[in-house]
Amino acid sequence: MSPPAPPAAAASVPGAPAADHAFPDVERFLRHEFEARALAAALGRGVIDRLARSAATIAALAAETGLAPERLALLLGLLASGGVIAAAPDGTLALTPAFRAVLPCRDLLEAKLAFLDLVSDDLRRLFPAFIDDPERFLEQARTFELFRYDRCLVATPENCAATRPWVAYTTCLTRYEAGPILDRLDLGAHRRLLDLGGNSGEFAARACARAPWLSATVVDLPVVCALGRDNLANRAEAARVAFRPADMLRDRLPEGHDLVVFKSVLHDWPPREAADLVARAAAAVAPGGRLVVAERGPMPFGTRPVDYASAANLVFAPFFRDAAFYLEAFRRAGLVAVTAGTIDLDMPFHLVQGRKTGEPA
Ligand SMILES: C[S@@+](CC[C@H](N)C(=O)[O-])C[C@H]1O[C@@H](n2cnc3c(N)ncnc32)[C@H](O)[C@@H]1O
């Protein structure tokens, strides 16, 4: 059976769940370290679950969570300071409307809290190296032990176990980042998506969920592709997302795709390799097709505070680039109609797009 045809002119297509569209403002509950840690404790101890059901007194919360009332008072004080809970006039405690609004994104809250715990420890221990000895920082920071691409080459049980935690983190981020990025792509103009460094297939699957006429190929390292197949098992889009294990720097890239995407991939690579990857991807784009780079831009220093929440990106700050780098790489790769826009997610992302000359087949 052939897939449905795209609509005649579709800038964005309805059909994805609401959470797919807006990037939730979870950061506001993660701005201050001790309030954020209190939130992690409250999520872990069942306090948030209990309050999500209904407002409660401290005595009731103590009885139901097993926490001693005076310890609970400390935790609740921190939650109140962080805007998670507030006292009602009758003296009971309730989740604030602002926190209730982000609670459906609990996976993102929990993923960020765990990652912040890791990166903040590295930044605290190794701050002098972070500033002036990046090689030592890279060597000694536990953050970079997590992202071990060298363990992604052969799908052994040990390598899968080592890779699963960071793929779970990137998958969770993509669950929320994909919607605002896809809102800005004209999926109606495309039939075949190639997601390079496409990880667990989350972005590709979300694109396919929005565009029933689209099929996708995800290129990533073998272990990541294996975990990606698990990620998409039981999802309707799995039938339209093919995983292609490869080393995208060296192996031949799949051809015949009219939308080729790098999302949060190129900052991993030094300038020469990143520009080479853009050139290889541009060569793989079908005539008349489009290359897209969605990447965090430079940290917005001076325009907003560098708070606890921003540590999750600060640790990668030395790798984020100006849009000018990608614009130049696109032009050198022979792409035309090259544009750069900005999307504000947890920080500003570049969205760089360029077209390959020629007529679509
Ligand atoms: C920072 S992650 C970004 C993943 C995903 N695109 C996202 O937005 O979360 C970079 C991805 O590139 C993949 N990768 C790294 N080196 C690669 C290589 N040589 N060939 C193919 N994929 C690679 C990693 O496994 C990882 O999934």
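Residues numbered from 1 in each chain as written. Predicted model: local features only at pLDDT ≥ 70, side-chain atom pairs only at ≥ 80, totals over all residues. Heavy atoms only, no water.

### Remarks on the environment of F203
Considering the arrangement of structural elements, one finds F203 in helix 11 (residues 202-210). Spatially, the C-alpha atom of F203 lies 8.7 Å from that of G179, the residues being 24 residues apart in sequence. The contacts of F203, once residues within four sequence positions are left out, are T174, A178, I181, L182, L185, D195, V261 and K263. (Helix = DSSP H or I, 4+ residues; strand = E, 2+ residues; numbered from the N terminus. Contact = heavy atoms within 4.5 Å.)

### Thoughts on the nonpolar core
Counting residues in each nonpolar core, the largest one holds 95 residues, and the members touching the most others are L39, L79 and F99. With 10 residues, helix 10 (residues 157-183) is the largest single contributor of residues to this core. In this structure, L39 is in contact with F29, L30, I48, L79, V84, F99, L109 and L113, ignoring residues within four places of it in sequence. Core analysis: the next-biggest nonpolar cluster, separate from the first, contains 27 residues, L194, A284, V293 and V338 among them. (Core = buried A, V, L, I, M, F, W, Y, C linked by side-chain atoms within 4.5 Å. Buried < 20%, exposed > 50% of the residue type's maximum accessible area, 1.4 Å probe, protein only.)

### A few points about the site of the ligand
Residues in close proximity to the ligand total 17 residues, the closest being G197, N199, D220, D247 and K263. Take D220: an N or O atom from its side chain is 2.6 Å from an oxygen atom of the ligand. Between the ligand and A246, the relevant distance is 3.4 Å, taken from a nitrogen atom to a main-chain nitrogen or oxygen of the residue. In isolation the ligand has 580 Å² of accessible area, and contact with the protein removes 94% of it. Considering every element that reaches the shell around the ligand, the biggest residue donor is helix 10, with 3 residues. Counted by class, the shell around the ligand contains 8 nonpolar, 5 polar and 4 charged residues. (Near = heavy atom within 4 Å. Polar contact = N/O pair within 3.5 Å; in protein donor to acceptor, adjacent residues only side chain to side chain. Areas by Shrake-Rupley, 256 points an atom, 1.4 Å probe, with all protein chains shown as cover. Nonpolar A, V, L, I, M, F, W, Y, C, P; charged D, E, K, R; others polar.)

### So, the confidence of the model for the protein chain
In this model, the protein chain carries an average pLDDT of 94, and 94% of its residues clear a pLDDT of 70 or more. Below a pLDDT of 50 lies the segment residues 8-19, which in the model reaches 13 contacts outside its immediate sequence neighbourhood of four places, other chains included. (pLDDT = per-residue confidence, 0-100.)

### Some points on the pairing of strand 5 (residues 241-245)
Here is the key point about a regular strand: its side chains alternate between the two faces of the sheet. Relative to strand 5, strand 4 (residues 215-220) is paired through 5 bridges, and the arrangement is parallel. Its bridge partner being in strand 5, V219 is matched across the sheet by R244. Read as a crossover between parallel neighbours, the route from strand 4 over helix 12 (residues 222-232) to strand 5 is right-handed. (Pairing = 2+ DSSP bridges. Right-handed = clockwise from strand over helix to strand, strands pointing away.)

### Quick word on the packing of aromatic side chains
Counted by the stated rule, this structure contains 13 aromatic pairs. Between the aromatic rings of F29 and F99, the centroid separation amounts to 5.1 Å while the plane-to-plane angle is 85°, which identifies the pairing as edge-to-face. With F29 in the segment before helix 1 (33-44) and F99 in helix 5 (residues 97-102), this residue pair connects regions lying 70 residues apart in the sequence. Both residues of the pair, F29 and F99, count as buried. Ring centres of F147 and F316 lie 6.0 Å apart, and the angle between their planes is 75°; this geometry places the pair in the edge-to-face category. With F147 in the loop between helix 9 (142-146) and helix 10 and F316 in the loop between helix 14 (311-314) and helix 15 (323-332), this pair connects stretches of sequence that are 169 residues apart. Exposure remark for F147: the relative accessible area of 17% places this residue in the buried category. Directly above the aromatic system of F325 lies the positively charged group of R321, at a separation of 4.5 Å from the ring centroid. (Phe/Tyr/Trp six-rings, centres within 6.5 Å; stacked < 30°, edge-to-face > 60°. Lys NZ or Arg CZ within 6 Å of the ring centre and 35° of its normal.)

### Remarks on the sheet that holds strand 3 (residues 192-196)
Reading across the sheet, the 7 strands line up as 5-4-3-6-7-9-8 and stay open at both edges, with mixed pairing between neighbours. Among the strands making up the open sheet, the edge pair consists of strand 5 and strand 8 (336-344). Shown here is a sheet whose adjacent strand axes are inclined to one another by a mean of 20°, direction ignored. As paired strands, strand 7 (residues 285-296) and strand 9 (residues 348-355) are joined by 7 bridges and run antiparallel to one another. Counterpart to L291 in the pairing with strand 9 is G354. Where helix 12 meets the sheet, it contacts strand 4 and strand 5, and its direction lies at approximately 165° from that of strand 5. (Axes fitted to C-alpha atoms, helices over the stretch in contact; angles between N-to-C directions.)

### What about helix 6 (residues 106-125)?
Taking 1.5 Å as the rise per residue, helix 6 with 20 residues should run 28 Å; its terminal C-alpha atoms sit 29 Å apart, in good agreement. Among the residues making up helix 6, those that are buried are L108, L109, A111, K112, L113, F115, L116, L118, V119, S120, D122 and L123. (Expected span 1.5 Å × (residues − 1).)

### As for the domain arrangement of the protein chain
Here the domain parsing of the protein chain yields domain 1 (27-109) and domain 2 (154-355). In this assembly, 11 residues from domain 1 lie in contact with 8 residues from domain 2. When domain 1 packs against domain 2, close to 810 Å² is buried across both sides, 62% of that on carbon and sulfur atoms. Counting the surface domain 1 buries against domain 2, the share from its top three residues, E27, D107 and L108, is 54%. At the boundary of domain 1 and domain 2, one finds 1 salt bridge. The partner of D107 in a salt bridge is R175, and the shortest N-O contact between them spans 2.5 Å. Counting across the interface, domain 1 meets domain 2 through 4 residue pairs in polar contact (both at pLDDT 80 or more). Among the elements of the structure, helix 1 and helix 6 are those that each provide at least two residues to the side of domain 1 that touches domain 2. It is helix 1 that contributes the most residues to the side of domain 1 that touches domain 2, 3 residues altogether. (Domains from an automatic or database assignment. Buried area = accessible area lost by both parts, 1.4 Å probe. Salt bridge = Lys/Arg side-chain N within 4 Å of Asp/Glu carboxyl O.)

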